[in-house]
Amino acid sequence: MPVEFKHELIIPNEDLPFKLFLFEGKDGNYKRSKHWHRSVEIFLVVSGHLEFLMNNVRIPLHAPDFVIVNPNEVHSIDAPEPNMTIVLQIPISCLSGYIRENDYVVFSKQSDENNLKLVQLISRIYKTYQAKAFAYELKVQSLFLELLYLLVTEFMNTENDQKIIRQKRHLDKLSNITAYMKANYNQEITLEDVARRFGFSPTYLSRIFKRYADVSYKTYLLDLRTEYSLREMLNTDHSLSSIAVNHGFPDSRAFAKAFFKRYGCLPSEYRKNYHFS
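Only a predicted model underlies this, so the values are computations on that prediction, with no experimental measurement involved. (Residues numbered from 1 in each chain as written. Predicted model: local features only at pLDDT ≥ 70, side-chain atom pairs only at ≥ 80, totals over all residues. Heavy atoms only, no water.)

K.L.:
Explanation requested: the sheet that holds strand 2 (residues 19–22) in the structure shown.
P.N.:
Each strand in a sheet pairs with another by means of backbone hydrogen bonds, the pair being arranged parallel or else antiparallel. With respect to topology, four strands assemble into an open sheet ordered 2-9-4-7, the strand pairing being antiparallel. Sheet topology places strand 2 and strand 7 (65–69) at the edges, where each strand pairs with a single neighbour. Strand-to-strand twist of the sheet, defined as the mean angle between neighbouring strand axes without regard to direction, takes the value 15°. Two elements, strand 4 (residues 40–47) and strand 9 (residues 84–90), share seven bridges in a ladder whose sense is antiparallel. Bridging across to strand 9, Leu 44 finds its partner in Ile 86. Where helix 1 (residues 112–131) meets the sheet, it contacts strand 2, strand 4, strand 7 and strand 9, and its direction lies at approximately 85° from that of strand 4. (Pairing = 2+ DSSP bridges. Helix = DSSP H or I, 4+ residues; strand = E, 2+ residues; numbered from the N terminus. Axes fitted to C-alpha atoms, helices over the stretch in contact; angles between N-to-C directions. Contact = heavy atoms within 4.5 Å.)

K.L.:
Please explain the side chain of Thr 85 as it appears in this structure.
P.N.:
Mapped onto the elements, Thr 85 comes out in strand 9. Of note is the side chain of Thr 85, whose polar atom sits 2.7 Å from the side chain of Asn 83. Sequence-distant contacts of Thr 85, that is, excluding residues within four places in its chain, are made with Phe 21, Leu 22, Phe 23, Phe 43, Leu 44, Val 45, Val 46 and Leu 50. (Polar contact = N/O pair within 3.5 Å; in protein donor to acceptor, adjacent residues only side chain to side chain.)

K.L.:
Can you help me understand the pattern of salt bridges in this one?
P.N.:
Pairs may arise between side chains of opposite charge once their charged atoms sit close together. Here the structure, examined in full by the defined rule, presents seven salt bridges. The shortest N-O distance in the salt bridge between Asp 78 and Lys 31 comes to 3.2 Å. With Asp 78 in strand 8 (residues 75–79) and Lys 31 in strand 3 (residues 30–36), the pair connects residues that are 47 residues apart, well separated along the chain. Classification of Asp 78 by relative accessible area gives partly exposed; the value is 22%. For Asp 65, the salt bridge is made with Lys 109, and the minimal N-O distance between the two is 2.5 Å. With Asp 65 in strand 7 and Lys 109 in the loop between strand 10 (105–107) and helix 1, this residue pair connects regions lying 44 residues apart in the sequence. (Salt bridge = Lys/Arg side-chain N within 4 Å of Asp/Glu carboxyl O. Buried < 20%, exposed > 50% of the residue type's maximum accessible area, 1.4 Å probe, protein only.)

K.L.:
So what exactly am I meant to see when it comes to the packing of aromatic side chains here?
P.N.:
The description of two aromatic rings rests on the distance between their centres and on the angle between their planes. One pass over the full model with this rule turns up 15 aromatic pairs. With a centroid separation of 5.0 Å and an interplanar angle of 55°, the aromatic rings of Phe 200 and Tyr 204 are classed as tilted. By relative accessible area, Tyr 204 is classed as partly exposed at 21%. The ring of Phe 21 has Lys 19 lying over it, and the distance from NZ or CZ to the ring centre is 5.2 Å. (Phe/Tyr/Trp six-rings, centres within 6.5 Å; stacked < 30°, edge-to-face > 60°. Lys NZ or Arg CZ within 6 Å of the ring centre and 35° of its normal.)

K.L.:
Would you mind showing me how to read helix 2 (residues 136–155) here?
P.N.:
Two residues of an α-helix separated by three or four positions point the same way, owing to the 3.6 residues in each turn. With 20 residues, helix 2 should reach 28 Å at 1.5 Å per residue; the first-to-last C-alpha distance of 27 Å fits that figure. Residues of helix 2 that are buried include every one of Tyr 136, Val 140, Leu 143, Phe 144, Leu 147, Leu 148, Leu 150, Leu 151, Val 152 and Phe 155, and no others. (Expected span 1.5 Å × (residues − 1).)

K.L.:
How should I be thinking about unusual backbone geometry in this particular structure?
P.N.:
Trans peptide bonds make up the majority, and among non-glycine residues the majority have a negative phi. Between Ala 63 and the following residue, Pro 64, the backbone shows a cis peptide bond with an omega angle of -5°. Looking at the secondary structure, you find Pro 64 in the loop between strand 6 (57–62) and strand 7. One non-glycine residue with positive phi stands out, namely Asn 29, at about 55°. Exposure remark for Asn 29: the relative accessible area of 75% places this residue in the exposed category. In this structure, Lys 132 is a non-glycine residue whose phi angle is positive, near 50°. Counting through the fold element by element, Lys 132 comes out in the loop between helix 1 and helix 2.

K.L.:
Got a minute to help me understand the environment of Gln 141 in this structure?
P.N.:
Of note, Gln 141 is situated in helix 2. Residue classification places Gln 141 among the partly exposed residues on the basis of a relative accessible area of 33%. In this structure, the C-alpha to C-alpha distance between Gln 141 and Pro 17, residues 124 residues apart in sequence, is 8.4 Å.

K.L.:
Hey, could you run me through the environment of Glu 137 in this one?
P.N.:
Here Glu 137 shows up in helix 2. Along the primary structure Glu 137 and Leu 16 are separated by 121 residues, whereas in three dimensions their C-alpha atoms are 7.8 Å apart.

This is the structure in structure tokens:
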């Protein structure tokens, strides 16, 4: 029987080592089906409320509250009403020096004092990033390092639930593969090449992609290329042809086809509407 969750693609902000944004369900009437990712994710509800489902446990969040989603932790989100929620997604690589190779760690809420410190740090990071005053990058980086220190010294515990560990190990296989693909998406990396690199058969790799990412290998690779192409498209005046080639597409036609499938319009239309909005 197929599983009911899929892998989420996370790309950090261009000027940050992490991803920071307002929750896409801010207008309400929004549901995000079960999914998982390699990053540590923190949702801080500033106004309104959300409801999480993690490991089949419902977690209601009312402002000013937060939840920490751990790497490879399957979760879903329900936002029935308008809300303002800051989302911070931290690549696990930011914590690699503080997690032993075979450990499965979890980050969870702690004392009211430390929880308040975390809320205040995330709020300051968001406000500083939004203001973009002179040398804001340095301030954001310093606050982010302070947040990482707080997480590893006060919020981190070693996972000892064997059932959860088994699930995370299974999802780790795909996480390692998607991390490799993210680092090499603009190269010629075929299903056969990646399968060989990780010691799998192409058939097995194709099957675990469909089972755990809920998309084919080809679709996931095209989504990566499209996401990075979009970033360059909105932040430069480079031609669509050069952007396509920069991010692994054979030509602008292939880029346009993948872009239309993901966003429902052509790259040229999206770029025009973005600059006139």
